Structures are given as structure tokens and as C-alpha cells.
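Residues per chain, in single letters:
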Amino acid sequence: MSPCPSVSLFLIFFLTSLQAASADGGNTNIIDETCKKCTQEDPNISYRFCVASLESNPDSHHTDLGGLGLISIKLLRHNMTHTRSYTKKLLKSKKMDPFIKACLQDCLELYSDAVSTLKEAIRAYKDEKYDDTKINLSSVIDASTTCEDGFAEKDMASPLAVRNKDAFQLSALALSIVTMYSRSSY
Ligand SMILES: *[C@@H]1O[C@H](CO)[C@@H](O)[C@H](O)[C@H]1NC(C)=O
Ligand SMILES: *[C@@H]1O[C@H](CO)[C@@H](O)[C@H](O)[C@H]1NC(C)=O
Ligand SMILES: *[C@@H]1O[C@H](CO)[C@@H](O)[C@H](O)[C@H]1NC(C)=O
């Protein structure tokens, strides 16, 4: 007549382990899941790059898809801000091929525009204006490719190649996550 103690003990044990499982594995899963989807939708994004980038921000471990969208835009802004400073530093060196110098100056302008565009993208995203966010992110993707195209015109090695590749993938990633999130929130 009394409730079976082993059943309730079992239940307590079961519920506790469920909770532990979601606390531990729950958000590794959202990074993994999101990166798999992004890679499927855009072959320009590598799975490893996606996971490594998102995991570089500790907040990624306890957020949802909407949160990952904001994190990815902020990662990109941070990245581009650094690349802009690095380009400024390169431009200070005395002896430099005038063609390379002109390219670097163009890139610097592109990055400066991209950083301010990303500020608008973040504001639009927080206001839930996802179409505006996507337009802004698309123009940022173009910044890294346009910068690289400058050097390619004369077959010159770009001193910014690695950074542009990172920025290209990060912006494709941010656009992909925002697109996915905007679809899910209608
Ligand atoms: C991948 O990158 C190329 C080069 O920028 C672009 O033309 C293409 O549209 C991208 N693919 C997707 C699925 O976005
Ligand atoms: C830019 O992003 C890439 C990929 O996440 C990362 O490897 C690199 O360290 C970042 N650079 C800066 C300066 O944040
Ligand atoms: C961001 O997108 C909005 C909406 O299309 C646009 O009005 C705005 O000019 C864009 N900002 C930049 C800096 O491109």
C-alpha cells in the first residue's frame, strides 16, 4: 500500500541524471548541430572552423541559436577590428612596393566601413530586423574578397591573405546562423 520506495528512488536517480546530461552536453550539442547545418547550407564554411570559432567565446556554451547569431557577429567585428589595426601597422613600414601600399590603403578603408557596418548589423539584430542584418553582413563578406582581389590583380602575394580568409569564413558563418535563426523565429 505504501508507494514502492525503489520506484521513487529510481525516479529521483533518473531525473537527476537527465538534468546532469542536459547541463553537460546540452550546449555542446547546439554548437555541433548549428555547425553541421551551416556547413550543409554553405560549403564555404568548414565544420572545424565553425566549432573552433564559436567555442572561442565561453558564452556559446550556454545559449541558443539566437545567442549564437549575436556571438558570431561580435566575433567577426572583433576579428575585423584587429585586422584593421594590423593593416595600419603594415602601412607604417617605410619601404614598401607602391602597388602593395595602394592595395593596403584600399583594404584599410574597406575594413573601416565593415566595422561600422557591423555595428549597424548588431543593432538591427537586437531590434529583430533580420533582413537588415543580412544585408549588412553580406556587404561585410564582400570587404574581405574585394581586398584580396586588389592584390590578385597584379599577382602579388597578399600580406592579409590569412586574415581575409578568416574574415570571409566568419562573415559567411554569421550570415548563415542569422538566416537560420530568422527562419526559425517566424
Ligand atoms: C561561396 O563563396 C563564393 C565566393 O565568394 C560565392 O560566390 C558563393 O556564393 C558562396 N557559396 C554560398 C553557398 O554562399
Ligand atoms: C579571427 O578569427 C579566426 C577564426 O575564428 C581566429 O583563428 C583568429 O585568431 C581571429 N583573429 C583575431 C585577431 O581575433
Ligand atoms: C545596413 O542595412 C540597412 C538595411 O538595408 C541599410 O539601410 C544600412 O545602410 C546598412 N548599413 C550599412 C553601413 O551598410
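Our subject is the structure that appears above.
(A) Focus on the packing of aromatic side chains. In total, this model carries three aromatic pairs according to the counting rule given. When the centroid spacing of 6.2 Å and the interplanar angle of 50° are considered together, the rings of Tyr125 and Tyr181 count as tilted. Of the two residues, Tyr125 sits in helix 4 (residues 98-126) while Tyr181 sits in helix 6 (residues 161-184), which places them 56 residues apart along the sequence. The exposure class assigned to Tyr181 is partly exposed, which follows from its relative accessible area of 21%. For the pair Tyr130 and Tyr181, a centre-to-centre distance of 5.7 Å together with 85° between the ring planes defines the contact as edge-to-face. Taken together, the residues span a long stretch of sequence, with Tyr130 in helix 5 (residues 130-152) and Tyr181 in helix 6 at a distance of 51 residues.

(B) View of the side chain of Ser72. Position of Ser72 relative to the elements: it lies in helix 3 (residues 65-91). With residues near it in sequence (within four places) discarded, Ser72 still touches Leu54, Ala174 and Ile177.

Criteria and cut-off values
- Residues numbered from 1 in each chain as written.
- Chains lettered and ligands numbered in written order.
- Predicted model: local features only at pLDDT ≥ 70, side-chain atom pairs only at ≥ 80, totals over all residues.
- Heavy atoms only, no water.
- Phe/Tyr/Trp six-rings, centres within 6.5 Å; stacked < 30°, edge-to-face > 60°.
- Helix = DSSP H or I, 4+ residues; strand = E, 2+ residues; numbered from the N terminus.
- Buried < 20%, exposed > 50% of the residue type's maximum accessible area, 1.4 Å probe, protein only.
- Contact = heavy atoms within 4.5 Å.

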